[in-house]
Amino acid sequence: MSEHVAICVLSPREAKERIGALSAVLIDCVEGGASVGFMAPLSQERANSFWKGVAESVAASERILLAAQDSPDGQIVGTVQVVLRQPENQPHRADIAKMLVHRRVRNRGVGAALMRAAEEAARAAGKTVLVLDTVTGSNAERLYTRLGWQKSGVIPNYALWPQGGFCDTTIFYKQIGQ
Ligand SMILES: CC(C)(COP(=O)(O)OP(=O)(O)OC[C@H]1O[C@@H](n2cnc3c(N)ncnc32)[C@H](O)[C@@H]1OP(=O)(O)O)[C@@H](O)C(=O)NCCC(=O)NCCS
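First things first, this report covers the structure right here in the doc. Not measured: the values here are computed from a predicted model.

Cut-offs and rules
Residues numbered from 1 in each chain as written. Predicted model: local features only at pLDDT ≥ 70, side-chain atom pairs only at ≥ 80, totals over all residues. Heavy atoms only, no water. Helix = DSSP H or I, 4+ residues; strand = E, 2+ residues; numbered from the N terminus. Rg over C-alpha atoms; globule rule 2.2 N^0.38 Å. Buried < 20%, exposed > 50% of the residue type's maximum accessible area, 1.4 Å probe, protein only. Contact = heavy atoms within 4.5 Å. Areas by Shrake-Rupley, 256 points an atom, 1.4 Å probe, with all protein chains shown as cover. Lys, Arg positive; Asp, Glu negative; His and termini not counted. Charge placed at Lys NZ, Arg CZ, Asp CG, Glu CD. Phe/Tyr/Trp six-rings, centres within 6.5 Å; stacked < 30°, edge-to-face > 60°. Core = buried A, V, L, I, M, F, W, Y, C linked by side-chain atoms within 4.5 Å. Pairing = 2+ DSSP bridges. Axes fitted to C-alpha atoms, helices over the stretch in contact; angles between N-to-C directions. Near = heavy atom within 4 Å. Polar contact = N/O pair within 3.5 Å; in protein donor to acceptor, adjacent residues only side chain to side chain. Nonpolar A, V, L, I, M, F, W, Y, C, P; charged D, E, K, R; others polar.

**Points about the overall build of the chain**
And step 1. When you go through the chain residue by residue, the secondary structure sums to 5 helices and 7 strands.
And step 2. At 15 Å, the chain has a C-alpha radius of gyration in line with the 16 Å of a compact globule built from 178 residues.
And step 3. Each principal axis of the C-alpha distribution contributes one length, and for the chain these read about 40 × 40 × 30 Å.
And step 4. Looking at the chain residue by residue over its 178 residues, the buried ones come to 44%.
And step 5. In the chain, the proportion of contacts linking residues at least 24 apart, taken out of those at least 6 apart, comes to 59%.
And step 6. Accessible area for the chain stands at about 9100 Å²; split by element, carbon and sulfur atoms hold 50% of it.
And step 7. For the chain, the distance from the average site of its 20 positive side-chain charges to the average site of its 17 negative ones is 2 Å.

**Some remarks on the packing of aromatic side chains**
And step 1. With the rule as written, the count across this model stands at 4 aromatic pairs.
And step 2. Plain terms: the ring middles of Phe38 and Phe50 are 5.3 Å apart, the flat faces sit at 85° to each other, and that makes the pair edge-to-face. In this pair, Phe38 is assigned in the loop between α2 (19-31) and α3 (44-59) and Phe50 in helix α3, connecting sequence segments 12 residues apart.
And step 3. Ring centres of Tyr144 and Phe172 lie 5.9 Å apart, and the angle between their planes is 70°; this geometry places the pair in the edge-to-face category. Taken together, the positions of Tyr144 in helix α5 (residues 139-146) and Phe172 in strand β7 (residues 166-175) put the pair 28 residues apart, joining distant regions of the chain.
And step 4. Using a relative accessible area of 5% as the deciding quantity, one classes Tyr144 as buried.
And step 5. For Phe172, a relative accessible area of 0% translates into the label buried.
And step 6. Through a chain of ring-to-ring contacts, three or more aromatic side chains come together here, namely Phe38, Phe50 and Trp51.

**Quick notes on the nonpolar core**
And step 1. With 28 residues, the main nonpolar core has Val82, Ile96, Leu114, Met115, Tyr144 and Trp149 as its most contacted residues.
And step 2. Among the elements of the structure, β2 (63-70), β3 (75-83), β4 (93-101), α4 (110-124), β5 (129-135) and α5 are those that each provide at least two residues to this core.
And step 3. Take this core: its biggest share by element is 7 residues, from α4.
And step 4. Once residues within four sequence positions are removed from consideration, Leu114 is found in contact with Ile7, Leu66, Ala67, Ala68, Gly78, Thr79, Val80, Met99, Leu100 and Val101.
And step 5. In this structure, Val36, Ala55, Ala67 and Ile76 belong to the second largest nonpolar core, which totals 21 residues.

**Points about the sheet that holds β2**
And step 1. The 7 strands lie next to each other as β1-β2-β3-β4-β5-β7-β6, forming an open sheet whose pairing is mixed. Here the strands that pair on one side only, and so sit at the sheet edges, are β1 (5-9) and β6 (150-160). Here the average twist between neighbouring strands, direction ignored, is 25°.
And step 2. Relative to β3, β2 is paired through 8 bridges, and the arrangement is antiparallel.

**Quick word on the site of the ligand**
And step 1. Within the structure, the ligand sits among 21 residues, and Met99, Gly109, Gly111, Arg142 and Arg146 are positioned closest to it.
And step 2. Asn107 places a main-chain nitrogen or oxygen 2.9 Å from an oxygen atom of the ligand.
And step 3. When isolated, the ligand has an accessible area of 950 Å², and the protein chains bury 70% of it.
And step 4. Elements supplying a minimum of two residues to the shell around the ligand: β4, α4, β5 and α5.
And step 5. It is α5 that contributes the most residues to the shell around the ligand, 6 residues altogether.
And step 6. Here the shell around the ligand is built from residues that sort into 11 nonpolar, 5 polar and 5 charged.

Here it is, written out as structure tokens:
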């Protein structure tokens, strides 16, 4: 990965303070055509409201929020979440969500570094099984496969592209402990 990018876990306070920067990354991904839960165009207000909810969830210890920060100005260029809060019969499991890298820093290993850090954070939180879903045939699918994630299967027409039209989704899992 670029030596100028560092991965860190955001504290509840940082998560709240960096809402604007996180929104900028999310909006860029949606503008770039990524199917990540939102339709286009995604307004700053709607994106901020999403990250406000994430910051509250971080404050409630329900999830870990990681950020890739560019030095020297600390600008956020990527992010991913580990969703810790699960049903009481799945305390060992976490979901990985909202893996986002700004288009201007892609293909430099930032996504892989974020995912490795997310797996490490999940392991440190006592999780042993991780689950995620992603658009079938996407850059992200290649990334997860490269990092040793197992493909469970494909759900046709699971979601919409931001501009409309169905896309298929692949469910992945990874065992990160016993
Ligand atoms: C999926 C996503 C997170 C990947 O982020 P990224 O930072 O580009 O990921 P990486 O740089 O680790 O890997 C991407 C590619 O760059 C290549 N790469 C990594 N470092 C490199 C380097 N130094 N030089 C050249 N290529 C490099 C990787 O091999 C990989 O190649 P591939 O696409 O042919 O498989 C990013 O494309 C994204 O945000 N997409 C939109 C949102 C999205 O779909 N998120 C997934 C939701 S589940």
